[in-house]
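# Tertiary structure, described
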Amino acid sequence: MDELLGIRVPQNLQAEQAVIGSMLIDPACIPDVLKDARAEHFYNRANREIFETIFTMFNYAQTIDPVTVLEQMKERGVYHEETSRNYILELMKVTPTAANVREYVTIIRDKALQRDLGKVAGDITNMVNEGLGGADEMLEVAERSIYALRKDRNIGGLKPVSEVIQTVYDDLSRLSQEGGER
């Protein structure tokens, strides 16, 4: 819809394709991708569906490769006979390497945040233009909306508890394997 109105929606199709392609050519990078990427970060519907399929397969410890992903897409009802197979093959061809997957994820997260910022800005503008409440109420809604966008981002050097727990777990596992010696 926005494209029809001449508004350029923040997106980077090449980065989205590179993330999916990386996951397909090197499944070992999937844990790194899943630390920072979510399905809603993908603007392109086909990329989002493939990502969701791979995410589900990863959570169930299933083998991830082009054949199994296509089969799982069929089971999920997101396989398109005319396009899915060729698109998956194309993703693997256009992905230069999985080594840069973290950078690709950073790009798509940034574009997703820009889209979210645009939506919040539009909502705030509409609220002001329609006179929905007093200025203090509007400011409160605006602050909450902006804060909601920041909630998933590391700010001020703080780390999510899940990341800290994983680091502690990894350290304990390593020490256990080394016999408790440092």
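Residues numbered from 1 in each chain as written. Predicted model: local features only at pLDDT ≥ 70, side-chain atom pairs only at ≥ 80, totals over all residues. Heavy atoms only, no water.

### Topic: the confidence of the model for the protein chain
Definition in use: Values of pLDDT, which run from 0 to 100, indicate the predictor's confidence residue by residue. Elements are defined by DSSP. Helices are runs of H or I of four residues or more, strands are runs of E of two residues or more, and each kind is numbered from the N terminus.
On average, residues of the protein chain score 89 in pLDDT, and 89% of them reach the 70 mark or higher. Per-element averaging of pLDDT across the protein chain places helix H8 (residues 161-177) at the bottom with 77 and helix H4 (residues 66-76) at the top with 98.

### Remarks on unusual backbone geometry
With a phi angle near 55 degrees, Ala61 is a residue other than glycine that sits in the positive phi range. Along the polypeptide, Ala61 turns up in the loop between helix H3 (45-59) and H4.

### Brief notes about the packing of aromatic side chains
To be explicit about the condition: Side-chain rings of Phe, Tyr and Trp, where Trp is taken by its six-membered ring, are said to pair if the distance between their centres is within 6.5 Å; with planes under 30 degrees apart they count as stacked, over 60 as edge-to-face, and otherwise as tilted. Throughout, exposure labels follow a simple rule: accessible area from a 1.4 Å probe, protein chains only, divided by the maximum for the residue type, with under 20% read as buried, over 50% as exposed, and the rest as partly exposed.
Per the counting criterion, the structure on display carries 2 aromatic pairs. With 4.8 Å between their ring centres and 35 degrees between their planes, Phe42 and Phe51 make a pair best called tilted. An identical accessibility class is assigned to Phe42 and Phe51; each is buried. Ring geometry for Phe51 against Phe55: centres 6.5 Å apart, planes inclined by 20 degrees, an arrangement best described as stacked. Within this pair, Phe51 and its partner Phe55 are both found in helix H3, separated by 4 residues, close to a single helical turn. Since its relative accessible area comes to 36%, Phe55 is described here as partly exposed. Here the aromatic residues Phe42, Phe51 and Phe55 are joined through ring pairs into a cluster of three or more.

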